[in-house]
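Coordinates in review
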Amino acid sequence: MAPQDHAVQRASVAGLFRIGIGCMALTGLYGRIAASDARDVLAKAIDLGFRLFDTAPLYANGQNEALIGDVIGSTAGTTVATKFGLVETKNGKLLRDSRPESIRASVEASLARLRRERIDLLIQHRPDPAVNDQEVAGAVQELIDAGKVAAFGLSGTSIDRIKPMSERCYVTVVQNELSVLSDPDTWSAPQKIGDMGAFFMAYAPIARGLLSPNSAKTKRDAEDYRSQIEAFKNPDQSVSEILRTCLKDIASAYGVSVTALVLAWIKTRGANVVPIPGPRRPEHLSDFVDAANLEVNTAHISIIEEIASSQSDG
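Residues numbered from 1 in each chain as written. Predicted model: local features only at pLDDT ≥ 70, side-chain atom pairs only at ≥ 80, totals over all residues. Heavy atoms only, no water.

As annotated in an unreviewed UniProt entry, the chain carries the name NADP-dependent oxidoreductase domain-containing protein and is attributed to Tateyamaria omphalii.

Two elements in contact, helix α3 (residues 63-71) and helix α4 (residues 100-114), have axes separated by 7 Å at closest approach and are oriented at 40 degrees. Relative to α4, the element α3 is oriented oblique. From α3, Glu65, Ala66, Ile68 and Gly69 reach across to α4, where they touch Ser110, Arg113 and Leu114. Among the residues forming the contact of α3 with α4, the class breakdown is 3 nonpolar, 2 polar and 2 charged. (Axes fitted to C-alpha atoms, helices over the stretch in contact; angles between N-to-C directions. Helix = DSSP H or I, 4+ residues; strand = E, 2+ residues; numbered from the N terminus. Parallel < 35°, antiparallel > 145°, perpendicular 65-115°, else oblique. Contact = heavy atoms within 4.5 Å. Nonpolar A, V, L, I, M, F, W, Y, C, P; charged D, E, K, R; others polar.)

With that settled, consider the nonpolar core. Ranked by internal contacts, the top residues of the largest apolar core, which has 76 residues, are Phe50 and Phe152. In contact with phenylalanine 152, not counting residues within four places along its chain, are Phe84, Leu122, Gln124, Val136, Ala137, Val140, Met165, Cys169, Tyr170, Val171, Thr172 and Val173. With 12 residues, the next largest nonpolar core counts Leu121, Ala151, Ala204 and Ile276 among its residues. (Core = buried A, V, L, I, M, F, W, Y, C linked by side-chain atoms within 4.5 Å. Buried < 20%, exposed > 50% of the residue type's maximum accessible area, 1.4 Å probe, protein only.)

It is worth spelling out the pattern of salt bridges at this point. Counted under the stated rule, the structure contains 11 salt bridges. In this structure, the salt-bridge partner of glutamate 65 is arginine 113, at a minimum N-O distance of 2.7 Å. Of this pair, glutamate 65 sits in helix α3 while arginine 113 sits in helix α4, and the two are 48 residues apart along the sequence. Assessed through its relative accessible area of 27%, arginine 113 is described here as partly exposed. Salt-bridge contacts for arginine 99 lead to glutamate 101; the nearest nitrogen and oxygen are separated by 3.9 Å. Linked through salt bridges whose partners overlap, the residues forming this network are Asp97, Arg99 and Glu101. (Salt bridge = Lys/Arg side-chain N within 4 Å of Asp/Glu carboxyl O.)

Every other side chain in a regular strand lies on the same face of the sheet, so the side chains alternate between the two faces. Among the 5 residues that make up strand β9 (residues 199-203), 5 are buried, leaving the element largely enclosed by the rest of the structure. The alternating pattern of β9 places Phe199, Met201 and Tyr203 on one face and Phe200 and Ala202 on the opposite face, and all of these are buried. Sheet topology note: the strand β8 (residues 171-177)/β9 ladder contains 5 bridges and is parallel. When the bridges of β9 are listed, valine 173 appears paired with phenylalanine 199. For the handedness criterion, the β-α-β arrangement of β8, helix α7 (residues 189-195) and β9 is classed as right-handed. (Pairing = 2+ DSSP bridges. Right-handed = clockwise from strand over helix to strand, strands pointing away.)

Here it is, written out as structure tokens:
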């Protein structure tokens, strides 16, 4: 695929809205969720016009992919991103494995669960220090040549891997964490990645829920892995009151929720940026629609970033 073709793909990959759907939380990682509720979220997302869905074999040991396969399957116009290279062992530890034979086996299993003939975006879940990047890129390029994969991406990665790997297999997407609470030094990463010809999928754009106005009041069950994260032990202290007030006031001025505002802020990082928040209930999707339609003015962007930077410095 030529670079100009990737520019077209970046513009259209998310469908009607420049926001994708992160599916990780639909199979329990953020706590118990009924299968019917998860299916309703996906069905409503499709009905509303969302077209980009992100999953991985790691999520619930393939059950997340199977859910997407059951509800979305090969629905025309949808883009499904899945991953390889990160698996959970029997004792609960995460193992990085990007050996070519493991990549091929992962892709075949994903295709079966997703009920698709081709994976739209295949993303290396995390770098594997035991396997040379060129070997990884070569294995994915072979899958692209075989028609099993359409495009290649990287997740949880440093920018300096993009160009060398693109010489062997064009890197279409980089998926890294980004939110108002991220280190301000990372806020310019999407633009740098865009300059290399890739689009940027921002995961955890609501800081895994920390930026939600109700984060401090939400009671999390033992199955919610966020209970193990330090920031969630005292969520009311992990986001300064001045930042919460700032976000609330600005969101109110636009007539949207704080969730919609922080997602819209993500879009201001560059025309190549697609946030992928993770809904758990159908009503969450209305915030995503608001975010997709919201343009935050430069004055408000400056205020948000000045206060968020101050929190980071503190």
